[in-house]
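# Descriptive analysis of the structure
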Amino acid sequence: MAESLTAPRYSERNATASSRYIIYSEVLSVTSVMRKNSRWASSTQTYYTRDSALASNLGLRRPGSSNAVTPQQGSQEEDLMSGFEELKRELRNIEDITSIPLANIISPFLAIIRSSLSTGPITSAALAALHSCFVCGLFLGDSPSVDAALAELGSAVSHCKFEASDSSGDEVVLLRILTVIEDCMCGSWASRVGDIEVCEMLETVLTTCVQMRLSEALRRSAELTMHKLVRNVFSRLHILDPEEEEKRLLAVPSVPVSETVPAEPADSAETAEPIPDGTAPAEQTAVSTSLQSPQRSSHQKSGYGLPSIVELLRVLVNILDPHDRVHTDSTRLLALGVLNAALEVSGPRLGDFPTLRTMVLDHGCKYLFQLAQSENPSVFQLTLRAISAMMNTMRKHLKLQQELFLAFTLDRLAPPAMGKSGRLGTPLPKGGLFSPRPGTPNLHSTNLELPEEAEAEKGSPTPNKPSAAPARGNTRDLLLEVLSQISSHPSFMVELFSNYDCDINAENLFDRIIDLLTKSVYTDYYGDSPPFSYLNAQYLCLDLLLTFINAMAARSAGTGAEWPKNYVSAEELMQRKSKKRLILAGAARFNAKPKTGLTFLEENGLIYHDLSNEVTRPLSLARFLKSSTRLDKKLLGDFISKPDNLDILKAFIGLFDFRRKPIADAMREMLETFRLPGESQQIARITETFAEIYFASEPDEVKSQDAVYVLAYSVIMLNTDLHNPQVRKRMSIEDYRRNLRGVNDGSDFSPEYLQAVYDSIRKQEIVMPEEHTGQLGFEFAWKELLMRARQSGELMISNSAAFDKEMFNYVWKPVISAITFAFMTFDDDYIIERAIAGFRQCATLAGHFQLPEVFDYVVISLSQATSLLSDNLPSEVPIYPVVEVEGQSVTVSSLAVSFGSHLKGQLAAVVLFNIINGNGNAIREGWIQVFEVLQNLFIHSLLPIRMLQMEDFLGGVSMIPLRGNSNQPSRPPPRSDGLLSTLSSYLMTPYSSAQESTVPSASEADIESTLCALDCISTCRLEELYAQIMQLDLEPLVAAVRSLEALAYERTNARLQRESDDTPSDADDESPRPLPYDPASVFLLEMMVSIVCKTPEHIEELWPIVFEHLSLLLKSSQKYSVLLVERAVVSVMRICLILATKPTQLRDQIYLSFDLLGGLPPPVASSVAEQIISGLVLIVQNHRGVISSQTEWNIVLALVRAGVSNLEAARVSFEFIEQLVADGPEQCVNADNVPGLVAVLDDFATAAGVAAEVEQQHARRRAQPSSSSSPIMDRGRKAVDLLFEVLKHVPALTADLGDERRHHLTLPVLIALSHQATSRAPDIRAPALSALTRALLGPLVAPPPHAVPDVFARVLYPLFGALDASEARVRAAALLCKAFMRFCVGERPDAEAGACWVRVLECLEHLLRTDRSDQLAEAVPESLKNVILVMNAAGMLVPPSASAHEGEDKPGEEDEAPPVRLWHITRDKLEAFMPGFMDSVIPPPPPPPSHAEPPAAEEPAAPQTPVAPAADAPGSALV
């Protein structure tokens, strides 16, 4: 038949046989078959078809020719044959067949088809000839005769009659009929066929399809033909004008042309039966399925249009009625298939025709939704296909129908509850089941149809969903497939959310569908069902979820459209969504306890918010109660009918508009909003209130309010009597009239009035809200749905991103969890690929919507899927084999082997780090998992080299060791040569231990898995991630550092606490061994500090986090490994180096850190001194301004002093101090740091003395001379020189500060020099004594008078108790005498000078008595002589004779002058160890003449044994 649609007309010009030849041949074929029949078998039979015409042409007169009545054409065999004979003669006499009217050409064939005399073969030949007419193009052209010919042909084929013979031959005829009908309706001339002919031909094909006595092949062929015809018919909608066609439909009435399609064929072979006139009444449930052909009016244009399409759709829809027992499932299957074809080919265009749209939205949806619960698999599948096609093509008109179907589908897909103890069930709420939507069962209910006593929120405008058992197996898969088809367009979820979830009176379909899809991915959702029965359902649900996420991600990328301005604004919809949540919560509370619900509603402004002079509290509440479809209607009826709520009842019923409404309709409208209570008093109150309000509306024929009251009661009783199945004898109209006699204010109601009331109740039951179940409830609810549909408008369709954030914020957690489960559970490559894409898209959306918690959840989910997380990392790294692969060392660890053989884990890792790279700013809590993965990779030697390094002040970078040396003690003792040799045992390759012999071997498979793991890690681009962390914004950066600190805390302080708790309190070991070396703690610390150091702009926010961890480590430094403590110290110094560049408030943190380091235990401080000093020197050298007070200098120099005992630290320290003191660009000596510098230099010199003493002892044991040249000695000598340099700076520093301040700075230097002058190292002692001499005798030292005794006591006197070399003692004695002459002679002629002199004498006496050397014996008297002479010359030391000449009498001892008294003391002291020395220096004067006998001379005092002077024994006690 395809040729007939496209081939040109046959002619010799077109290189084909001529059409005349074809038709002539077909005539011969038909007549040949006819002659085989006995009716036309006689060869002598003649046909007088044109004799009268011939005679007339020749002018002959034939008897009876003028008034003869010719027999009816086709009524006799001769007429049938003569038609062909006449056609043959016409064909012989013409060249162009187009000159013959087309109707004349086909009329002989049509006569055969119409004739009951024809047999099957003859009819078949005629039909074949008609087919040839189409094939050779006879119907091409614009001739009006084509229209008439097509009309005749269509009518003839539709009423084809022939004598039945054998069944196979008859079916050939039927097949030929189908072919001709297809030719007629599928060619280019099809548009010229009229509506009547189209209806007749379609009915013919449809009837053939349902003739069950016909063979299966024929019926299937007819069905295929029907599909093709329907596609052609409905494709006409795309070229028809809806407005014109609707007018045409109204202008052309339809007339009956056939009867109802029979379910079984009649005994005859006729393929069509007469169709009765008229159509079924409107009230009839099952409408006739016959095609009713519209009449052709005189003004009707050629070609069929909307009338025939409407009629075809009407028949198809009526066949679908599941309650029409005339049609079987096989007939419905046919109708469903045809309807599918019609919907698919017409597409959205069908909705542009109001008549067609109304038919689909009303009966079409109604019957399809009921068939969707069919138990016949074929009917169920085709029904779902039809629904899917309808939803995809007409969804903008199916707003409420789509809601109903989706809710029903979700209910069927929900699993049954398993009770309170079941895995899938949930505890039932108090008061029974409550649905979030009127008529919608609870998700976990065991039956999708709520029982009457538990049905919630009846009276909803939405109809009940068809009840059916939960879907299982193939049924479930089909429902999911249909759901997938319906949701295929990217705006589907947006439409659900905006049209339903944001509608107060609609279900939360978006919430429900996401909840179902996410739960359906999990295996537990299916209970004990075998896995193969639900695997496909899991795939489908996951695919639906990922499709939703993909559409949202596409919209976020800019493909979304703007929300149309003609729709309700997105902001208002979101407000409705918020209000809906409150209403749902309030309704739930009201249904549980009305008083509580009202309180909640009032608090949230849902009631009483519109109070005014016109709106009272009862009216405001009544408005809410009437408008809310979420309330329990039974509870509502009970609430408003209570005596206390009479005002509310009046306000509630007053909201109805009863004007011009019959009482039955008014009662029906009222009773559909609440359940009538069972108590008679409550019913009476409701009825009385209704009567009052209804009578106020001035109804016709009602004379009093009491009459309304009685009439209302009668309506309730009549409704029960007529429709209660338990009532056997129904009330008649006469009974009803009899019961109401005289109640209308003493008179009767008119018979017509009561008849109208009776008929209204009889035809349409008043259905109470709690009775909306079964078919009756569905019919009622469907009517309500249609009423709502007229008010709700069309579906808002827009692929807008206006609601995406709200939707994503609601669903992200269950969606990501479902994707994670699928990724980890399913093995299908496509599913895994889709899950990976879902992860990426969720991460993209999280970044787009700025929802870090979502990104964290993605990261956490993926990190768990990688298998790179470990609950317990080993504190000591096991020994793994190391192999050489292509010149590189590869560690074959357990994690490398397992990870390399785990494809899903590798995929998850690649996806994880690809997502993180570039999206670090979206992560918060997820950093913990990221760093846990990195930590685990580090432990198993899988990280890139760059991430294994640690930075230092000393040697640049070095590798973090994986294991410590078990042969060494946990904390090595301090060594004079520093930490380098100690640390060298730690800075080793992971496997350079003494247990190399126990290293296991690696198989080829393990090596291959390890290489796979390394390739995967390389693909993850961890180094890029590490670099990107440094570029993070502040908030994610703080989160990253906090995560590192939390992990590090768990490896250090928390672990220490656990071990401490595990140690018995009565353990003998009071100092438990330190924790073993943990490489992970070092790795985490290094990463944390590196991040902080490379983001100095955020140091203020990051420093407190890091400092807390470092302080905990250093405060318990003796309990951790050396390397960890060392790295903590380095970390402190690195960060302090950054803090030094920051404002003053952060610089204070430097000294908190220095205090922390200064509090380290001495062994620890010595072991890490090199790191402390190196960092300290860098800070001071680069940022000298950070030290601005004496306290700060003291802290800094105290750290320097702590490193003197460490060889390397001492070297760096001394170089630093030397730069500070010596002249040069780095010189920095000030009044604040002099005491600290002196202390440090004193320590260096002391250390040299100690080293020299040790060396001397070793030399004596080795009998070798000691060496005076070593770094320590060199530093000691330089330290003495630097002390004097410091002293040289003091005068300039104190020029404006006064003598007192100068003395305070000078004294520490002198004390230090004095201390070093007593050193046992000659190389230190000699320069120190020289420097001290220069200082005391030079201009640098000028103490205030009152401070001189302090100088002598703290600087000079201590020399004489510690010196053990004669040379030094001689120099010390000379220095003492010279210092006394400088500071005491002439300067302080008082008691303090005398005390100093006495102390000098005692020191000299001590020297002479302890050292009998000649050198000292010569030097001391000479020094004393000089001092005595100077003192005598200055008048400080005067002999007594000189004093006696001044008075007449010699005074007593207590009356002597101080110089004389000092003379006596001096003489007495010298006489004790140098007799006669005083007289030899200053001879005594001759005694004066005496007038009396001189007194007897006193015995000289016994000499006292000299003792070494003490600093606290001043000579003033002798004065």
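This one's a predicted model, so the numbers in the text were calculated from it and none came from an experiment. Sequence order as written defines the numbering, with residues in each chain counted from 1. Totals for whole chains, interfaces and linings use every residue, but because this is a predicted model, local features are given only for residues with pLDDT of at least 70 and side-chain atom pairs only at 80 or more, for both listing and counting. Think of the side-chain values as coming from all heavy atoms in the structure, minus any hydrogens and water.

### What about the overall build of the chain?
Threshold: By the criteria applied, helices consist of DSSP H or I runs no shorter than four residues and strands consist of E runs no shorter than two, each listed in order from the N terminus. Exposure classes here rest on a 1.4 Å probe applied to the protein chains alone. A residue is buried below 20% of its type maximum, exposed above 50%, and partly exposed in between. Contacts are residue-level and defined by heavy atoms, with any inter-residue pair within 4.5 Å sufficient.
Along its length, the chain carries 62 helices and six strands. Looking at the chain as a whole, 52% of its 1519 residues are labelled buried. When contacts within the chain are restricted to residue pairs at least 6 apart in sequence, those whose partners lie at least 24 apart make up 76%.

### Considerations on the pairing of strand 4 (residues 888-891)
Test applied: The pairing criterion is simple: DSSP has to find at least two bridges between the two strands.
Two strands pair when backbone bridges link them, and strand 3 (residues 882-885) and strand 4 are joined in this way by four bridges, in the antiparallel orientation. From the neighbouring strand, glutamate 884 faces strand 4, where its bridge partner is serine 889. Connecting the antiparallel pair strand 3 and strand 4 is a turn made up of two residues, with glutamate 886 showing a positive phi of about 55 degrees.

### Topic: helix 58 (residues 1391-1410)
The test is simple: Multiply 1.5 Å by the residue count of a helix minus one, and that product is the helix's expected span.
Here helix 58 is 20 residues long and its end C-alpha atoms lie 29 Å apart, about the 28 Å a rise of 1.5 Å per residue gives. Judged by how many residues are buried, helix 58 sits mostly within the fold: 16 of 20 residues are covered.

### Focus: the pattern of salt bridges
Pairing is possible between side chains of opposite charge, provided their charged atoms come close. Stated formally: By salt bridge we mean one thing: a side-chain nitrogen of Lys or Arg within 4 Å of a carboxyl oxygen of Asp or Glu.
Counted according to the given criterion, the structure contains 49 salt bridges. Across the salt bridge formed by arginine 1211 and glutamate 1208, the nearest N and O atoms sit 3.1 Å from each other. Of this pair, arginine 1211 and glutamate 1208 both sit in helix 50 (residues 1207-1221), separated by three residues, roughly a single helical turn. A relative accessible area of 36% places arginine 1211 in the partly exposed class. Using a relative accessible area of 19% as the deciding quantity, one classes glutamate 1208 as buried.

### Focus on empty space enclosed by the protein
The condition is simple: Cavities and pockets were defined on a 1 Å grid built over protein atoms only: a cavity is a set of grid points that admits a 1.4 Å probe from which the probe cannot escape, a pocket is an open set flanked by protein on both sides within 12 Å along at least five of seven lines, and lining residues are those with an atom within 4 Å of any such point. Grid points are joined across faces, edges and corners, and a volume is the space filled by probe spheres set on the points. Under the convention adopted here, Pro, Cys and the residues Ala, Val, Leu, Ile, Met, Phe, Trp and Tyr are nonpolar, Asp, Glu, Lys and Arg are charged, and Gly plus all remaining residues are polar.
As enumerated under the stated definition, the model contains eight cavities of 30 Å³ or more in all. By volume, the largest cavity amounts to about 100 Å³. Contributing to the lining of the largest cavity are Arg946, Met947, Gln949, Met950, Glu951, Val957, Ile960, Tyr1026, Phe1083, Glu1086, Met1087 and Ser1090. Counting residues per element, the ones that place at least two in the lining of the largest cavity are strand 5 (949-951) and helix 43 (1079-1093). Examining the composition of the lining of the largest cavity, we find that four residues originate from one element, helix 43, more than from any other. Taken together, the residues that form the lining of the largest cavity break down as seven nonpolar, two polar and three charged.

### Observations concerning the confidence of the model for the chain
For clarity, the cut-off: Note on scores: pLDDT gives the predictor's confidence for each residue, bounded by 0 and 100.
Model confidence for the chain is summarised by a mean pLDDT of 79, while 81% of its residues fall at 70 or above. Here residues 64-75 is modelled with pLDDT under 50, and outside its nearest four sequence neighbours on either side it reaches eight contacts, counting other chains as well. Confidence drops under pLDDT 50 across residues 966-997; counting only partners more than four residues distant or on other chains, this segment forms 67 contacts.

### Points about the packing of aromatic side chains
Note the following rule: For Phe, Tyr and Trp, where Trp contributes only its six-membered ring, two rings pair if their centres lie within 6.5 Å, and the inter-plane angle classes them as stacked under 30 degrees, edge-to-face over 60, or tilted in between.
Counted according to the given criterion, the structure contains 34 aromatic pairs. The interplanar angle of 90 degrees and the centroid separation of 6.4 Å between the aromatic rings of phenylalanine 1352 and phenylalanine 1383 together place this pair among those described as edge-to-face. One end of the pair, phenylalanine 1352, is in helix 55 (residues 1348-1356); the other, phenylalanine 1383, is in helix 57 (residues 1366-1383), and 31 residues separate them in sequence. Classification of phenylalanine 1352 as buried rests on a relative accessible area of 0%. In this structure phenylalanine 1383 comes out as buried when scored by relative accessible area, which is 8%. Through a chain of ring-to-ring contacts, the aromatic side chains of Phe497, Phe510, Phe548, Trp563, Tyr567, Phe803 and Tyr810 assemble into a single cluster.

### Notes on the environment of aspartate 503
The residue aspartate 503 is located in the loop between helix 18 (492-501) and helix 19 (509-520) in this model. With a relative accessible area of 22%, aspartate 503 lands in the partly exposed category. In sequence terms aspartate 503 and arginine 576 are 73 residues apart; their C-alpha atoms lie 6.6 Å from each other. Ignoring any residue separated from it by four or fewer positions in sequence, one finds aspartate 503 in contact with Lys399 and Lys580.

### Considerations on helix 11 (residues 242-251)
Selection rule: Taking the helix axis as origin, the arc is that swept by the directions to the C-beta atoms.
Three or more residues of helix 11 are buried, namely Pro242, Glu245, Glu246 and Arg248. All buried residues of helix 11 project into a common sector of 160 degrees when viewed along the axis, lining one side. Exposed positions of helix 11 whose direction lies more than 90 degrees from the buried face are Glu243, Glu244, Lys247 and Leu250. Where helix 11 is buried, its residues touch helix 9 (195-210), helix 12 (306-319) and helix 14 (354-371).

### Quick look at the nonpolar core
For the record, the criterion: What makes a nonpolar core is a set of buried Ala, Val, Leu, Ile, Met, Phe, Trp, Tyr and Cys residues whose side-chain atoms join them at distances within 4.5 Å.
One finds Phe139, Trp927 and Phe1154 to be the most contacted residues of the largest nonpolar core, which totals 397 residues. Setting aside its immediate chain neighbours within four residues, phenylalanine 139 contacts Leu102, Ile106, Cys133, Phe134, Val146, Ala149, Leu150, Leu153 and Trp189. In this structure, Leu619, Ile648, Phe656 and Ile683 belong to the second largest nonpolar core, which totals 60 residues.

### Here we look at the state of the cysteines
In plain terms, the rule: A pair of cysteine sulfur atoms is labelled a disulfide when the two atoms are within 2.5 Å.
Tallied over the full model, the rule gives zero disulfides. Of all cysteine sulfurs in the structure, the one in cysteine 1377 sits closest to cysteine 1403, which takes part in no disulfide; the separation is 9.7 Å. Classification of cysteine 1403 by relative accessible area gives buried; the value is 0%.

### Quick look at the packing of helix 53 (residues 1299-1317) against helix 55
Note the following rule: Axes here mean lines fitted to C-alpha atoms, for a helix over just the part in contact, with angles spanning 0 to 180 degrees between N-to-C directions. An angle below 35 degrees is treated as roughly parallel, one above 145 as roughly antiparallel, one from 65 to 115 as roughly perpendicular, and anything else as oblique.
At their nearest, the axes of helix 53 and helix 55 sit 8 Å apart, and the two run at 25 degrees to each other. In this view, helix 53 runs roughly parallel relative to helix 55, as classed from their interaxial angle. Each of His1303, Leu1307, Leu1310, Ile1311 and Ser1314 in helix 53 lies in contact with helix 55, whose residues at this interface are Asp1350, Val1351, Arg1354 and Val1355. A breakdown of the residues in the contact of helix 53 with helix 55 according to their chemical character gives five nonpolar, two polar and two charged.

### Notes on the packing of helix 16 (residues 399-413) against helix 19
Keep this limit in mind: By convention, the crossing between two helices is left-handed when the near helix turns anticlockwise from the far helix through less than a right angle, and right-handed when the turn is clockwise.
One way to put it is that helix 16 packs onto helix 19 with a least axis distance of 11 Å and a crossing angle of 30 degrees. Relative to helix 19, helix 16 is oriented roughly parallel. Seen along the crossing, helix 16 lies across helix 19 with a hand that is left-handed. Each of Glu403, Leu406, Ala407, Leu410, Asp411 and Leu413 in helix 16 lies in contact with helix 19, whose residues at this interface are Leu509, Arg512, Ile513 and Leu516. Residue composition of the contact of helix 16 with helix 19, by class: seven nonpolar, no polar and three charged.

### Examining the environment of serine 817
Filter applied, for reference: Any pair of N or O atoms that falls within 3.5 Å is considered a polar contact. Within protein, one atom must be able to donate a hydrogen and the other to accept it, and sequence-neighbouring residues count only if both atoms are side-chain atoms.
With respect to the helices and strands, the residue serine 817 is situated in helix 32 (residues 804-825). With relative accessibility at 18%, the residue serine 817 sits in the buried group. On a C-alpha basis, the gap between serine 817 and lysine 519 in space is 9.7 Å, while along the polypeptide they are 298 residues apart. Of the polar contacts made by the side chain of serine 817, one reaches the backbone oxygen of lysine 813; its length is 2.9 Å.

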